[in-house]
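Next come the chains, spelled out residue by residue.
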Amino acid sequence: MMKIIVIGAGIAGASTAYQLAKQGADVLIIDRKDEGQATDAAAGIICPWLSQRRNKAWYQLAKAGARYYPVLMDELESEGETETGYARVGALSIHMDSEKIGKMEERASKRIEDAPEIGEITRLDEHRTRELFPLLGEGYSSIHISGAARVDGRALRDALLRSAQRNGAELIYGDAKIEFHSNRATGVMVGVNRYQADLVIVCAGAWAGPLLQPLGIDFKISYQKAQIMHLLAPDAKQNTGSWPVVMPPSDQYLLAFEQQKIVIGATHENNIEGYDTRITPGGMHEILSKSLTFAPNLADSTFQEVRVGFRPFTADFLPVMGAIPEWEGLLAVNGLGASGLTMGPYIGLQLAKLALGLELDIDLTDYDLRKSIS
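All residue numbers here refer to positions counted from 1 along the written sequence of the relevant chain. Local features in this predicted model are restricted to residues of pLDDT 70 or higher, and side-chain atom pairs are both shown and tallied only at a pLDDT of 80 or more, whereas totals for entire chains, interfaces and linings draw on every residue. Only hydrogens and water are removed before side-chain values are computed, so all heavy atoms of the structure are retained for them.

Draft legend 1. Spatial organisation of the overall build of the chain. Runs of E in the DSSP output that reach at least two residues are strands. Runs of H or I that reach at least four are helices, and both are numbered from the N terminus. A count of helices and strands for the chain gives 9 helices and 20 strands. The globule rule used for comparison is 2.2 Å times the number of residues to the exponent 0.38, while the radius of gyration itself is calculated over C-alpha atoms. Taking 374 residues into account, the globule formula puts the C-alpha radius of gyration at 21 Å, and the chain, at 21 Å, falls close to it. Pairs of residues are marked as contacts when any of their non-hydrogen atoms sit within 4.5 Å. Long-range pairs, those at least 24 residues apart, make up 74% of the contacts in the chain with a sequence separation of at least 6. All accessibility values rest on the Shrake-Rupley procedure with a 1.4 Å probe; residue burial counts only the protein chains present in the view. Accessible surface, the chain as shown: approximately 16200 Å² in total, 48% of it carbon and sulfur.

Draft legend 2. Structural view of the environment of Ala338. Mapping Ala338 onto the fold places it in the loop between strand E20 (330-334) and helix H9 (340-355). For the pair Ala338 and Asp40, spaced 298 residues apart in sequence, the C-alpha separation works out to 13 Å. For Ala338, the contacting residues outside a window of four places in its chain are Arg311 and Phe313.

Draft legend 3. Geometry of the packing of helix H1 (residues 11-22) against helix H3 (residues 56-78). Look at H1 against H3: their axes get within 13 Å of each other, and the N-to-C directions meet at 55°. Classified by the angle between their axes, H1 and H3 sit oblique to one another. For the element pair H1 and H3, the recorded crossing hand is left-handed. Judged by residue contacts, Tyr18, Gln19 and Lys22 of H1 engage Tyr68, Leu72, Glu75 and Leu76 from H3. In this description, a line fitted to the C-alpha atoms serves as the axis of each element, helices being fitted only across the stretch in contact, and the angle between N-to-C directions of two axes falls anywhere from 0 to 180 degrees. When describing relative orientation, an angle under 35 degrees is termed roughly parallel and one over 145 degrees roughly antiparallel, while 65 to 115 degrees is termed roughly perpendicular and anything else oblique. With the far helix as reference, a near helix turned anticlockwise by less than a right angle produces a left-handed crossing, and one turned clockwise produces a right-handed crossing.

Draft legend 4. Quick look at the sheet that holds strand E10 (residues 176-181). Here, any two strands with at least 2 DSSP bridges between them count as paired. Strands sit in the order E10-E11-E12 across an open sheet of 3 strands; the sheet is antiparallel. The open sheet has two edge strands with one neighbour each: E10 and strand E12 (193-196). Along the sheet, successive strands turn relative to each other by an average axial angle of 30°, direction set aside. Strand direction decides the pairing type here: strand E11 (residues 184-190) and E12, joined by 4 bridges, are antiparallel. The residue of E12 that forms the bridge with Gly187 is Gln196.

Draft legend 5. Representation of the sheet that holds strand E8 (residues 149-152) in the model. Sheet architecture is open: 3 strands sit in the order E3-E8-E4, paired in antiparallel fashion. With partners counted over all chains shown, the strands left at the sheet margins are strand E3 (43-46) and strand E4 (86-87), one partner each. H9 rests against E3 and E8 of the sheet, and its axis sits at about 80° to E3.

Draft legend 6. Quick look at the packing of H1 against helix H6 (residues 153-166). Between H1 and H6, whose axes approach to 8 Å, the crossing angle comes to 25°. The angle between H1 and H6 places the two elements in the roughly parallel class. Judged by the twist between their axes, the crossing of H1 over H6 is left-handed. In this structure, H1 uses Ile11, Ala14, Ser15, Ala17, Tyr18 and Ala21 to contact H6, whose residues at the interface are Leu156, Arg157, Leu160, Leu161, Ser163 and Ala164. Each residue gets one of three labels, nonpolar for Ala, Val, Leu, Ile, Met, Phe, Trp, Tyr, Cys and Pro, charged for Asp, Glu, Lys and Arg, and polar for the others, Gly among them. Split into classes, the residues belonging to the contact of H1 with H6 amount to 9 nonpolar, 2 polar and 1 charged.

Draft legend 7. Fine view of the pairing of E8. Residues Ala149 and Val151 line one face of E8 and the alternating positions Arg150 and Asp152 line the opposite face, and both faces are buried. Sheet topology places E3 next to E8; 4 bridges connect them, and they run antiparallel. Each residue of the ladder has a partner; that of Ala43, found in E8, is Asp152. Classification of residues uses two cut-offs on accessible area relative to the type maximum, computed with a 1.4 Å probe and protein chains only: under 20% is buried, over 50% is exposed, and between them is partly exposed.

What follows is the structure, given as structure tokens:
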């Protein structure tokens with residue numbers, strides 16, 4: 001039985017460990033529980049089909065990630081995991097400009113040809129748009145994408161970890177140090193305990209650089225701070241659990257969950273110093289001022305909390321994954337950025353297949369780790 005250590009229990013690590021354990025590998029998951037883990041803070045919109053990003057490699061990965069979700073949800077449900085934070089509630093891409101609405105509809109209609117999971121594409125007037133998300137302001141029409149979904153990163157990660165353990169994986173919390181001989185990873189040290197392995201997989205997100213540095217590996221991963229606000233809807237009688245996600249014409253989003261929870265955000269803070277997990281007035285002001293522009297009725301909601309996470313990025317904003325060049329027994333994945341919850345489960349599946357020598361569903365050329373290592 002192959003013995004594999006996965007360092008990092010965010011969405012990529014939890015997904016990889018789950019897939020490995022299902023395939024019968026002897027899996028040890030190690031997580032340091034750092035404040036600011038991206039998955040722990042994130043709420044995700046699974047709707048890549050309206051993106052205007054021109055990077056085809058990014059879109060292919062995001063599209064595959066969205067397509068994979070229903071398969072994964074069926075698997076988890078068959079194992080008794082019903083609290084995944086995932087729901088196919090649809091999405092509203094809103095705008096006041098009818099011409100922009102038309103372009104979104106055209107983009108979605110072209111992409112449905114090779115992505116039927118988009119579902120129905122419906123152009124909605126202002127009245128119908130507000131019926132579906134009552135907190136929106138006046139003047140917004142929308143394109144409704146029925147196949148879109150939302151997911152709670154923390155809930156999905158926990159479901160994956162529980163299922164991994166159910167399939168035989170072990171989870172421990174601590175500060176892992178990679179052990180190696182020549183250019184081969186041999187295992188890790190956690191405190192005074194040594195764990196040997198045939199393979200070590202680094203899924204450490206924003207903290208991967210310092211983890212790999214003692215091995216002489218310069219892993220060029222940057223990170224962006226995100227502050228994300230959680231509110232309770234002003235009217236307790238509203239069935240928020242079935243509301244679609246809202247994608248405004250900005251870098252913000254609005255997601256509704258059960259029990260009146262509304263998630264708004266997020267900030268995109270670059271060039272921060274260290275792992276700054278502070279909740280700042282400036283961040284809160286940015287989130288509220290932008291969100292209240294689209295959904296002024298949120299002004300009467302109840303504040304719950306702000307979560308902070310660090311999104312890891314590569315120089316070209318594409319994820320990287322695979323075997324670390326010139327090393328044996330060492331794999332890594334990183335740079336999922338703001339699309340982590342869309343891509344993470346699918347990337348975990350591919351990384352597990354790579355670890356076990358199985359055929360992958362994608363060509364890793366576009367996501368080569370060499371781009372981020374010197």
